[in-house]
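The residues making up each chain are set out below.
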Amino acid sequence: MSETRTRPTIKPALFISALVVALFASFVIYDATRGDDKPDGRSQSVAIQNDTHVLDQGPDGSPTLVEFLDFECEACGAFYPLVEQMRERYDGEITFAVRYFPLDGHRNSRNAAYAVESAARQGKIEQMYSMMFRTQSQWGDQNVDHADTFRGFAEDIGLDMNRYDRDVASDSVKQRVERDYQDGLSLGVTGTPSFFLENERLELQSVEDFYGSIEDALAQ
């Protein structure tokens with residue numbers, strides 16, 4: 001006999017605030033153009049790749065939720081607490097992955113992505129991912145280069161700084177971020193955050209849509 005699942009208690013104001021920011025952001029994000037070719041032979045229109053960063057690994061066959069994000073995006077920052085609540089709720093039940101989609105309208109979005117990718121190469125993507133969103137109000141939406149700020153974050157989370165300095169300036173890290181970005185374009189992503197559940201883009205109108213989609217995927 002299957003267990004009846006209960007929907008989590010959510011603070012609606014949090015989602016509404018995030019949604020309003022996201023809708024506003026969609027008007028100021030440029031409409032990206034793309035070609036049909038994919039770098040390094042990666043598969044077309046797949047929300048998760050072999051090198052995608054997985055923060056939560058669910059069991060075999062579990063639903064996969066992927067977020068394309070920009071660490072300087074206010075909407076992503078507003079969604080962050082909701083995403084963390086979702087991750088806690090479904091810990092051990094779903095796979096959650098993140099992908100870079102730095103927007104040209106943000107001065108530090110690429111530097112932030114490079115810093116997070118450099119942390120990932122030392123096994124600390126979770127720490128840097130969280131640091132970026134928890135401090136976004138301190139460095140985001142500014143016409144100032146915050147590469148040194150991100151280096152300070154790397155020190156705070158205990159990275160090998162010699163390796164960090166090499167990685168963050170490397171073509172390898174830049175190409176890794178660009179691959180995520182190009183995959184996002186191939187999937188029709190033009191703004192952030194964009195969520196894909198089982199390779200299908202979620203069209204979120206309410207917090208119930210978010211959780212309901214996951215519940216439906218788990219029930220299948």
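Quick caveat: nothing in here was measured; it's all calculated off a predicted structure. (Residues numbered from 1 in each chain as written. Predicted model: local features only at pLDDT ≥ 70, side-chain atom pairs only at ≥ 80, totals over all residues. Heavy atoms only, no water.)

**Q** Talk me through the overall build of the protein chain; I want residue IDs and the actual numbers.
**A** In terms of regular secondary structure, the protein chain is built from nine helices and five strands. Along the protein chain, from the amino end to the carboxyl end, the secondary structure elements read α-β-β-α-β-α-α-α-α-α-α-β-β-α. Going through the 220 residues of the protein chain one by one, you find that 50% of them count as buried. Taking as baseline every contact in the protein chain between residues at least 6 positions apart, the subset at least 24 positions apart corresponds to 82%. Accessible surface for the protein chain amounts to roughly 11,100 Å². Of this, 46% is attributable to carbon and sulfur atoms. (Helix = DSSP H or I, 4+ residues; strand = E, 2+ residues; numbered from the N terminus. Buried < 20%, exposed > 50% of the residue type's maximum accessible area, 1.4 Å probe, protein only. Contact = heavy atoms within 4.5 Å. Areas by Shrake-Rupley, 256 points an atom, 1.4 Å probe, with all protein chains shown as cover.)

**Q** Tell me what's going on with the side chain of Asp-183, and back it up with residues and numbers.
**A** Relative to the elements of secondary structure, Asp-183 occurs in helix H8 (residues 171-186). A polar side-chain atom of Asp-183 sits 3.3 Å from a polar atom in the side chain of Gln-49. (Polar contact = N/O pair within 3.5 Å; in protein donor to acceptor, adjacent residues only side chain to side chain.)

**Q** Hey, could you go over helix H9 (residues 207-219) for me, with residue numbers and the actual values?
**A** If you check H9, its first and last C-alpha atoms are 18 Å apart, about what 13 residues at 1.5 Å a residue would give, namely 18 Å. Every buried residue of H9 is accounted for by Val-207, Phe-210, Tyr-211, Gly-212, Ile-214, Glu-215 and Ala-217. (Expected span 1.5 Å × (residues − 1).)

**Q** Go over the packing of aromatic side chains with me, naming the residues and quoting the values.
**A** If you walk through the whole model with that rule in mind, you get 15 aromatic pairs. Taking the centre distance of 6.0 Å and the plane angle of 45° together, the rings of Phe-150 and Phe-153 count as tilted. Of this pair, Phe-150 and Phe-153 are both found in helix H6 (residues 147-156), three residues apart, which corresponds to roughly one turn of the helix. Under the relative-accessibility criterion, Phe-153 is labelled buried at 8%. Grouping aromatic residues by their ring pairs yields a cluster made of Phe-71, Tyr-80, Tyr-100, Tyr-129 and Phe-133. (Phe/Tyr/Trp six-rings, centres within 6.5 Å; stacked < 30°, edge-to-face > 60°.)

**Q** Let's hear about the packing of H6 against helix H7 (residues 161-168): which residues, and what values?
**A** Packing of H6 against H7 brings their axes to within 10 Å, and their N-to-C directions diverge by 145°. Our pair here, H6 against H7, has a crossing hand that is right-handed. Residue-level inspection shows Phe-150, Arg-151, Ala-154 and Glu-155 of H6 in contact with H7, the latter providing Met-161, Tyr-164 and Asp-165. Split into classes, the residues belonging to the contact of H6 with H7 amount to four nonpolar, no polar and three charged. (Axes fitted to C-alpha atoms, helices over the stretch in contact; angles between N-to-C directions. Left-handed = near helix turned anticlockwise from the far one by under 90°. Nonpolar A, V, L, I, M, F, W, Y, C, P; charged D, E, K, R; others polar.)

**Q** Explain the sheet that holds strand E5 (residues 200-201) to me, and be specific about the residues and the numbers.
**A** One open sheet holds the five strands; their spatial order is E1-E3-E2-E4-E5, and the pairing between them is mixed. Edge positions in the sheet fall to strand E1 (53-56) and E5, since each of these pairs with one other strand and no more. Sheet topology places strand E2 (residues 64-69) next to strand E4 (residues 194-197); four bridges connect them, and they run antiparallel. Looking at E4, one finds that Val-66 is bridged to Phe-196. Strands E1, E2 and strand E3 (95-100) of the sheet are contacted by H8, whose axis makes an angle of about 105° with E3. H9 contacts E2 and E4 of the sheet and is inclined by roughly 20° relative to E4. (Pairing = 2+ DSSP bridges.)

**Q** How would you summarise the environment of Phe-153 if you had to cite specific residues and measurements?
**A** Taking the C-alpha atoms as reference points, Phe-153 and Gln-127, separated by 26 residues in sequence, lie 9.3 Å from one another. Not counting the four nearest positions on each side in its chain, Phe-153 is found in contact with Met-128, Met-131, Met-132, Thr-135 and Trp-139.

**Q** How would you sum up the environment of Asn-143? Please name residues and give values.
**A** By secondary structure assignment, the location of Asn-143 is in the loop between helix H5 (136-139) and H6. A distance of 3.1 Å separates a polar atom in the side chain of Asn-143 from a polar atom in the side chain of Arg-107.

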